Amino acid sequence: YSMDFWYKHIMNKAERRADLSAVGFDWQRLQSEYNIVLDALVAYKTRHGDLHVPTGFVVPDDDDAFPAYTWGLKLGLRVHRIRTKGDYVSENPARWFQLDNLGFVWDPREYAWLLTLSALKMYRERFGHCRVSQGFVVPTTAQQGGLAESEPWPRELQGLRLGQRWDSMRRKGTYGVYSDPERKAALKKLGFLLPVRRPQGVRDNAYDQFYTALKQYRLVHGDARVPQSFVVPKAADWDEDLWGYRLGQRINDVRNKGRYFKGVGEDIATERRVALDSLGFVWKQTRGRAKKARAAAEKPSGVRGEQDEEALEDMKVLLDVVLDEEDEGSVET
């Protein structure tokens, strides 16, 4: 029913008003539909913390969080039409400002981007790094009860699958982060760096995993001199996604087989080389250092000098790689 229906068929007919009252007619709903929608939006925000209303949302019956006269209202559809058709607001700027001040979501995509950016910023502040695991979900207030955090995550962020969103941005360019310089710069300012876009058909997940593992090795051990036999341990200072990763073998493949560099184009190869150089990646070992290491190993521990001990330490990291180089020849990069 509408106000027009009221004026034409009920307002001046006392017997009809009495009949409607007898069957429990909700007279509060007999008002401007905009007012009903507005009251439903206020109740929705109180319940959910925002006005990001799904298109299919219908105000549930018998839900005391909403006024009874809004029960059954297809609120999601009304919100969609306000955004796309300008219902209630196109000829009434005061209503537009009223909804805007309430926090109405005019552009769901922009809202999702800003929400995700806010979550990434808070993640960096709380954990001190930008390595968001794919399975990370922003905890709810109940889940944070046992944590030693000073404040819970904001309500509008709780339950957000932040790990999936960050992974989607890096792999698929979600929210236009590759095409929009401002958004890319906003991520970079927080320390969240996007990988270089590869030509179509070139896979980058394997390299990204390799780079992440090497970067974390450097954080844990202080350098990038990885023994060939090194496998990421199941330890707290390593991301679970990397447990069991054969980093030492991948290092050897990069040196001797040009892994992650073949078929990607000169620009990407250069970008990767610069990135690995920044971590202190050792591209090639000399045979001379290996010989010194072998000689030091043959000496009794009591007669080794300081240089011998350094050579021995080098041997632990380099010997397997050098032997492979002797067998396979020059390094391909």
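Residues numbered from 1 in each chain as written. Predicted model: local features only at pLDDT ≥ 70, side-chain atom pairs only at ≥ 80, totals over all residues. Heavy atoms only, no water.

**Section: the overall build of the protein**
- Counting secondary structure elements, the protein contains 13 helices and zero strands.
- Considering only contacts within the protein whose residues lie at least 6 apart along the sequence, 58% involve residues at least 24 apart.
- For the protein, the accessible area works out to roughly 19700 Å², and carbon and sulfur atoms hold 48% of it. (Helix = DSSP H or I, 4+ residues; strand = E, 2+ residues; numbered from the N terminus. Contact = heavy atoms within 4.5 Å. Areas by Shrake-Rupley, 256 points an atom, 1.4 Å probe, with all protein chains shown as cover.)

**Describing the pattern of salt bridges**
- Applying the stated criterion to the full structure yields ten salt bridges.
- Salt-bridge contacts for Asp208 lead to Arg170; the nearest nitrogen and oxygen are separated by 4.0 Å. On the criterion of sequence distance, the pair formed by Asp208 in helix α9 (residues 205-221) and Arg170 in helix α7 (residues 162-172) is long-range, its members being 38 residues apart.
- For Asp253, the salt bridge identified is with Lys257, shortest N-O distance 3.8 Å. Within this pair, Asp253 and its partner Lys257 are both found in helix α10 (residues 247-257), separated by four residues, close to a single helical turn. (Salt bridge = Lys/Arg side-chain N within 4 Å of Asp/Glu carboxyl O.)

**Concerning the packing of aromatic side chains**
- Inspection of the entire model under this criterion finds 20 aromatic pairs.
- Each ring, one from Trp113 and one from Tyr175, has its centre 6.2 Å from the other, and the planes form 55 degrees; the classification is tilted. Residue Trp113 is found in helix α6 (residues 108-127), and its partner Tyr175 is found in the loop between α7 and α8 (181-190); the two are separated by 62 residues along the sequence.
- An aromatic cluster is built from Trp96, Phe97, Phe104 and Trp106, whose rings are joined through pairwise contacts.
- Directly above the aromatic system of Phe281 lies the positively charged group of Arg255, at a separation of 5.5 Å from the ring centroid.
- Between the NZ or CZ atom of Arg272 and the centre of the ring of Tyr207, over which it lies, the distance is 4.1 Å. (Phe/Tyr/Trp six-rings, centres within 6.5 Å; stacked < 30°, edge-to-face > 60°. Lys NZ or Arg CZ within 6 Å of the ring centre and 35° of its normal.)

**Notes on the packing of helix α3 (residues 33-48) against helix α5 (residues 93-102)**
- At a closest axis distance of 11 Å, the pairing of α3 and α5 adopts a crossing angle of 10 degrees. With respect to α5, the axis of α3 lies roughly parallel. Contacts between α3 and α5 pair Tyr34, Leu38, Leu41, Val42 and Lys45 from the former with Arg95, Gln98, Leu99 and Leu102 from the latter.
- Looking at side-chain class alone, the contact of α3 with α5 contains six nonpolar, one polar and two charged residues. (Axes fitted to C-alpha atoms, helices over the stretch in contact; angles between N-to-C directions. Parallel < 35°, antiparallel > 145°, perpendicular 65-115°, else oblique. Nonpolar A, V, L, I, M, F, W, Y, C, P; charged D, E, K, R; others polar.)

**Re the environment of Trp71**
- Examined against the element boundaries, Trp71 turns out to sit in the loop between α3 and α4 (75-85).
- Under the relative-accessibility criterion, Trp71 is labelled partly exposed at 24%.
- Spatially, the C-alpha atom of Trp71 lies 8.0 Å from that of Val58, the residues being 13 residues apart in sequence.
- There is a polar contact of 3.2 Å between the side chain of Trp71 and the backbone oxygen of Phe66. (Buried < 20%, exposed > 50% of the residue type's maximum accessible area, 1.4 Å probe, protein only. Polar contact = N/O pair within 3.5 Å; in protein donor to acceptor, adjacent residues only side chain to side chain.)

**Re the confidence of the model for the protein**
- Residues of the protein with pLDDT of at least 70 account for 75%, and the chain-wide mean is 79.
- Mean pLDDT across the secondary structure elements of the protein bottoms out at helix α13 (residues 306-328), with 49, and peaks at α6, with 92.
- Contacts of residues 317-333 to residues separated by more than four positions or lying in other chains number 45 contacts, the stretch itself having pLDDT below 50. (pLDDT = per-residue confidence, 0-100.)

**Things to note about the side chain of Asp50**
- Looking at the element boundaries, Asp50 is found in the loop between α3 and α4.
- For the buried Asp50, no salt bridge is present, and the opposite-charge side chain at shortest range is Arg155, 7.7 Å distant.
- A polar contact of 3.1 Å, which involves the side chain of Asp50, links it to the backbone nitrogen of His52.
- Beyond its immediate sequence surroundings of up to four residues, Asp50 is in contact with Tyr44, Lys45 and Tyr111. (Lys, Arg positive; Asp, Glu negative; His and termini not counted.)

**Regarding α4**
- Listed in full, the buried residues belonging to α4 are Leu75, Gly76, Arg78, Val79 and Ile82. Within α4, the buried residues cover an arc of 165 degrees as seen down the axis, which keeps them to one side.
- In the stretch just after α4, Gly86 is the one whose phi turns positive, near 75 degrees. (Arc of directions from axis to C-beta.)

**Observations regarding unusual backbone geometry**
- A positive phi angle, near 65 degrees, is found at Tyr175, a position not held by glycine.
- A positive phi angle, close to 75 degrees, is found at Tyr260, a residue other than glycine.
- What makes Tyr260 buried here is its relative accessible area of 11%.

**Here's the deal with α3**
- Look at α3: 22 Å from first C-alpha to last across 16 residues, which is about the 22 Å you get at 1.5 Å a residue.
- Those residues of α3 that fall on the buried side of the exposure criterion are Tyr34, Ile36, Val37, Leu38, Ala40, Leu41, Ala43 and Tyr44.
- Buried residues along α3 sit in contact with α4 and α5. (Expected span 1.5 Å × (residues − 1).)

**Observations regarding the side chain of Arg255**
- By the secondary structure assignment, Arg255 is in helix α10.
- Using a relative accessible area of 2% as the deciding quantity, one classes Arg255 as buried.
- Within the local environment of Arg255, its side chain forms a polar contact with the backbone oxygen of Val282, the two atoms lying 2.5 Å apart.

**With respect to the nonpolar core**
- Residues Leu162 and Leu187 are the most contacted members of the largest nonpolar core, which totals 25 residues.
- Secondary-structure elements contributing two or more residues to this core are α6, α7 and α8.
- In contact with Leu162, other than residues within four places in its own chain, are Thr116, Ala119, Leu120, Tyr123, Val132, Phe136 and Val138.
- Val232, Trp238, Tyr260 and Leu276 belong to the second-largest nonpolar core, a separate cluster that totals 24 residues. (Core = buried A, V, L, I, M, F, W, Y, C linked by side-chain atoms within 4.5 Å.)

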